[in-house]
Amino acid sequence: MSTNQSPETGSKASDLDEQALFFHRYPKPGKLAIQATKPLGNQRDLALAYSPGVAAPCLAIARDPGLAADYTSRANLVAVISNGTAVLGLGNIGPLASKPVMEGKAVLFKKFADIDVFDIEVNALEIDHFCEVVAALEPTFGGINLEDIKSPECFEIEARLREEMAIPVFHDDQHGTAIIAAAAVRNALRLGGKKLEEVKIVASGAGAAALACLNLLVSLGAKLENIFVTDKDGMVYKGREVAMDRWKDVYARDTEMRTLEEALDGADIFLGLSAAGVLKPDYLKKMADKPLILALANPVPEIMPDLAREVRPDAMICTGRSDFPNQVNNVLCFPFIFRGALDCGATGITEGMKQAATDAIAELAREEVSEVAAKAYGSETPVFGPDYLIPSPFDPRLILKIAPAVAKAAEKDGVASRPITDMPAYVEKLNRFVFRSGMIMKPIFQIAANAGKRVIFSDGEDERVLRAAQVLMEDKVCVPILIGRPSVLESRLERYGLKIRPGKDFEVINPEDDPRYRDYVDHYFGKVGRKGVSPDTARTVVRTNTTVIGAIAVGRGEADSLICGLEGRFPHHVRDISQVIGMRKGVKKLAAMSLLITQGTTKFFLDTYVQRDPNAEELAEMTQLAAAELHRFGIAPKAAFVSHSNFGTDDTEDTVKLRKALKLVHAEMPDLEIDGEMHGDSALSEAMRKRAMPDSTLTGEANLLIFPTLDAANITLNVVKQMTDALHVGPILLGAASPAHVLTPSVTSRGVVNMAAIATAQAIGLEG
């Protein structure tokens, strides 16, 4: 299955198309860029990077080609290559038009496995020409990922390149799908009490992916005589002359059957990689007990799971869609297979490596889900069974299981030129990547998905909120409630080309005319009536202050969380939240934490927006709140109090309060990894920290930085954000009785979506 889906039709398609075009064009065209990994800040750097210093690694590689892995990026560089002859569901659109897809594949490699990619679109339709071009690229790359090449040419191309090249060559459309489907088969047969060598398999479709699935199943033990294949021309049988080739011939049976319906009589497994609707409900009645239905056509499968379930409630069902259990998504495996292959210097992808990946995926689904891994699945922890045969693509354990398994198999099969000698250290290196990969928001979205939590937006008329609301609804992250005038909402939605409509797709609170107005005034006055607010003032505020309106809705249980702050001053919004929603039990003051996500790291900054000059007790309280929030992200907090002083090198009012705060935190949370006061570079470098304080109670690299004042935190946040082009998530307000967050005027619609997901996850967490 391709990790992408064919374009949809109708108004939804046109809206999605517009968003996709904007996404690909701004802030600059495309999805990739080249970034230097070495400094070029002076003449010495230039001399080392280029002439004359570059001669040394060149000569070393000339003497020993294996040293290219040490002195160049080749060992972490993959080519995603296509001639554009079978793109997504778009067909033969040519190499240039395929480039957005190849760039997308490159992004997945980087995000999921930290593998660098050059996408290469080749204007070569003949097999000889294509193979000649790709084979000549071997000195540049550590691996080749073939993509979107039509069948049957793709079989010949991959076979020839694997023979000619001494690096991994992998056609993901074939083998990625095969590995995940085979993992599902492994687990379905285990649940059904069946053996692979005994089951009957019927395939609909005989293209690259279908035949690769069957080939892998055969290598795992399936019997050729038990496999029956159909395609658009009917049964693949001995003697058939229409649309046959040597790869399909392997599965030609000596049979009188000519249709899919006939073949399914007594079948244990249906493998569909063909077209929507080809598997009729009546056909399922003929299948064996506890059948496995792999309906993998995209975007509409051979049969919809709910329809299949009506006819065969005992069936186990997989699709290529994310809105049903058991999604067969190639991103489950291809980044991690290449990760393991590159790290051991594999000269090819063997059958044993594919089998190892299959077993790793299947075993992962059977494992008890850890607290951290559960974050990738949402509010319900998955349990191995018919609706959980294969893991989620966002399970953080995938890289930890698949890459080592592939590397071990490569060594066993004799294709590892650099076998991994310290496997525990290798796994730990992968583990560090998992939490530095920029994938940190994925568990939050999984927690939020389909929970039905209501998020109220005080700036409902803002374009960013309107765009975010549509995304949140389509992805089922939350149920948006917008505060705004219905006529304004209608006109702006029309202007921005958005299809959602007030009162139909989302609830609206009209500040000028809402039937609950008097109740809202009473609620608000009950909260602030003895804080200098008169009844007349309360009535005016509830008409004009949308943050107060949203906070009241949360307080009355009409919404689960609040997003506000796109207009007005930050402290005023915090005041309204504090007065109306109030503080969590035991919390004295609110605080704000910001998250910065870069290509290489993820860091939390505290307190960036609320407390100007917190005392030691307030610093200790906010640190404890922040540590709890990191756990929601599935991250073990490693905290550092940062200062101009490094473990007592200076005594000022700020350093004294940091030391006192450290003692307070140690007393309340003795298991928390935290230390200070220390320099910022000491917080990020264990080696530097150890030189100053060998017995520091903090290990590794701090991920939570606590500053002595708001000025220090906010300035650092904004300087680092600008210098690294980091994604800012937040500020995340800590300590409120119900989730409430004050955004900043510079936030994007993507930022609004992120904060709505965090607010929803917090609301779910408070239930627990």
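This structure is a prediction, so every number in the text was calculated from the model and none was measured.

A. Summary view of the sheet that holds strand β15 (residues 591–597). What the six strands build is an open sheet, ordered β18-β17-β19-β16-β15-β20; its pairing is mixed. The outermost strands of the open sheet, each flanked by one partner alone, are β18 (673–678) and β20 (727–734). Sheet twist, expressed as the mean angle between neighbouring strand axes with direction ignored, is 20°.

B. Up close: the UniProt feature "binding site: NADP(+)" (unreviewed entry) in the protein. Summarizing the sequence annotation, UniProt attributes the feature "binding site: NADP(+)" (unreviewed entry) to V87, L88, G89, L90, G91, N92, I93 and G94 in the numbering used throughout. Within the secondary structure, L88 is located in the loop between β1 (77–82) and α5 (99–113). Position of G89 relative to the elements: it lies in the loop between β1 and α5.

C. Structural detail: the sheet that holds strand β2 (residues 116–121). Read from one edge to the other, the open sheet built from four strands follows the order β2-β1-β3-β4, with strand pairing classed as parallel. Each having just a single partner strand, β2 and β4 (169–171) make up the two edges of the open sheet. Neighbour-to-neighbour, the strand axes of this sheet turn through a mean angle of 20°, independent of strand direction. Looking at chain direction, β1 and β2 are connected through six bridges and run parallel. For L77, the partnering residue across the bridge sits in β2 and is D116.

D. Looking closely at the pairing of β18. With five of six residues buried, β18 lies mostly within the body of the structure. The handedness of the strand β17 (residues 638–642) to β18 crossover, carried by helix α27 (residues 653–668), is right-handed.

E. Here's a closer look at the UniProt feature "active site" (unreviewed entry) in the protein. The sites that carry the UniProt feature "active site" (unreviewed entry) are, in the present numbering, K105. Summarising the element assignment, K105 is placed in helix α5.

Conventions and cut-offs
Residues numbered from 1 in each chain as written. Predicted model: local features only at pLDDT ≥ 70, side-chain atom pairs only at ≥ 80, totals over all residues. Heavy atoms only, no water. Pairing = 2+ DSSP bridges. Helix = DSSP H or I, 4+ residues; strand = E, 2+ residues; numbered from the N terminus. Axes fitted to C-alpha atoms, helices over the stretch in contact; angles between N-to-C directions. UniProt positions renumbered as here; feature names shortened; annotations may be inferred. Buried < 20%, exposed > 50% of the residue type's maximum accessible area, 1.4 Å probe, protein only. Right-handed = clockwise from strand over helix to strand, strands pointing away.

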